[in-house]
Amino acid sequence: MRRTALLTAAAAGALLIGAVSSSQADTWRYAFEEAMEEVQGKYAQKFKEEVEANSDHTIQLFPFGTLGESADIMEQAQAGILQFVDQSPGFTGALIPEAQVFFVPYLLPQDQDTLNAFFRNSKAINEMFPELYAEQGLELLKMFPEGEVCMTTQKPVNSPADLEDVKFRVMTNPLLVESYKAFGATPTPLPWGEVYGALQTGIIQGQENPGFFLESTKMYEVTEVVTCIGHNNFTTAVMANKDFYDGLSDADKKVVQDASDAAFEYILDYQKNLQEESLKKIKEAKPSMEINILAEDARKPFMDTADDVEAAFIEMTGDSGKKILEQMKADLKSASSQ
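Residues numbered from 1 in each chain as written. Predicted model: local features only at pLDDT ≥ 70, side-chain atom pairs only at ≥ 80, totals over all residues. Heavy atoms only, no water.

Draft legend 1. The arrangement of the packing of helix 5 (residues 112–121) against helix 11 (residues 250–270) in detail. For the pair helix 5 and helix 11, interaxial distance at closest approach is 12 Å and the crossing angle is 170°. Comparing their axes, helix 11 and helix 5 come out roughly antiparallel. Taking contact as the criterion, the partners of Asn 116, Phe 119 and Arg 120 in helix 5 are, on helix 11, Phe 264, Glu 265 and Leu 268. Here the contact of helix 5 with helix 11 is composed, by residue class, of 3 nonpolar, 1 polar and 2 charged. (Axes fitted to C-alpha atoms, helices over the stretch in contact; angles between N-to-C directions. Helix = DSSP H or I, 4+ residues; strand = E, 2+ residues; numbered from the N terminus. Parallel < 35°, antiparallel > 145°, perpendicular 65-115°, else oblique. Contact = heavy atoms within 4.5 Å. Nonpolar A, V, L, I, M, F, W, Y, C, P; charged D, E, K, R; others polar.)

Draft legend 2. Spatial organisation of the state of the cysteines. Counting across every chain of the model gives 1 disulfide. The partner cysteine of Cys 150 in its disulfide is Cys 228, sulfur to sulfur 2.0 Å. Because the torsion about its S-S bond is 105°, the bridge between Cys 150 and Cys 228 counts as right-handed. Of this pair, Cys 150 sits in strand 4 (residues 138–153) while Cys 228 sits in strand 8 (residues 225–228), and the two are 78 residues apart along the sequence. By the burial criterion, Cys 150 is buried, and Cys 228 matches it. (Disulfide = S-S within 2.5 Å. Buried < 20%, exposed > 50% of the residue type's maximum accessible area, 1.4 Å probe, protein only.)

Draft legend 3. Focus on the environment of Glu 52. Here Glu 52 lies in helix 2 (residues 39–54). Residues Glu 52 and Ala 259 lie 207 residues apart in sequence; the distance between their C-alpha atoms is 9.4 Å. Sequence-distant contacts of Glu 52, that is, excluding residues within four places in its chain, are made with His 57, Thr 58 and Ile 59. From its side chain, Glu 52 meets the backbone nitrogen of Ile 59 in a polar contact 2.9 Å long. (Polar contact = N/O pair within 3.5 Å; in protein donor to acceptor, adjacent residues only side chain to side chain.)

Draft legend 4. Spatial organisation of the nonpolar core. Counting 104 residues, the largest nonpolar core has Tyr 30, Phe 47, Phe 84, Phe 102, Phe 129, Tyr 133 and Met 328 as the members making the most contacts within it. Setting aside residues up to four positions removed in sequence, Tyr 133 forms contacts with Pro 89, Thr 92, Ile 96, Ala 99, Leu 138, Leu 140, Met 143, Ala 237 and Met 239. (Core = buried A, V, L, I, M, F, W, Y, C linked by side-chain atoms within 4.5 Å.)

Dropping the structure here:
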């Protein structure tokens, strides 16, 4: 399945017409980076359900491709054309460099209960990041994980040496580029709308995403091997336009916050066993697909690159990034002891 990323004149015009007095509007617009039945879409639908059940407002949802690529919907959110946007720190990293911390390999735990506790209680996420997002005109409502990231390639990957000379698609994120350089690949930033075709024609030979996304976007049609090395869990962030949010009544702010909390707990529960089920569906759809879950000892050469990527992150972000990283490590330690 390939996705179009064209922002049509009609869609843009409709949004602009409805953008006036957004803080008083009965209809709030919410765009996200995935399809309606993928994780961000499921979260958005639950958020919509909660808002509409507890207020007179309605939520209009715009899945991926409706209004453009990730950069387009972020611009629309900052401009107030959209009231809500869901965008991965992978893309927001250019706007908020500290958000790239989520791409330091092996920082986030694989244990699901620990991961959930971290996202639920992290001071870095709930206290430090909101200030950074506010500086960009955004109210950070919630960050949540979407599932373990795995690679799809044309040939098996058992060590960094197997990624040598592999043109590997990454998001337009400087730290992710550094991470895949450290893994031995040739990182190649590409918009998501171009990835399927680039794999099909051999322009690139690999990419990474959570299991559900590999299955739903049919990446197995244009690659031969799924490799999971435990290096990351895809993270995303739901934001509101800050002027819009600040203009809401206290009652409406509570509606938005309560809906965010309910959708957060819903999406964590929704993801139980999702990775395993998605990889199983891939194998059923293409029995020849090789699915390789690297053992702990085989992961060590990849894990050994983490310190260099962490150092690159601190170099990119300075004291602010260092404080975020230190707090995240403290938060992760706390989550692991719960």
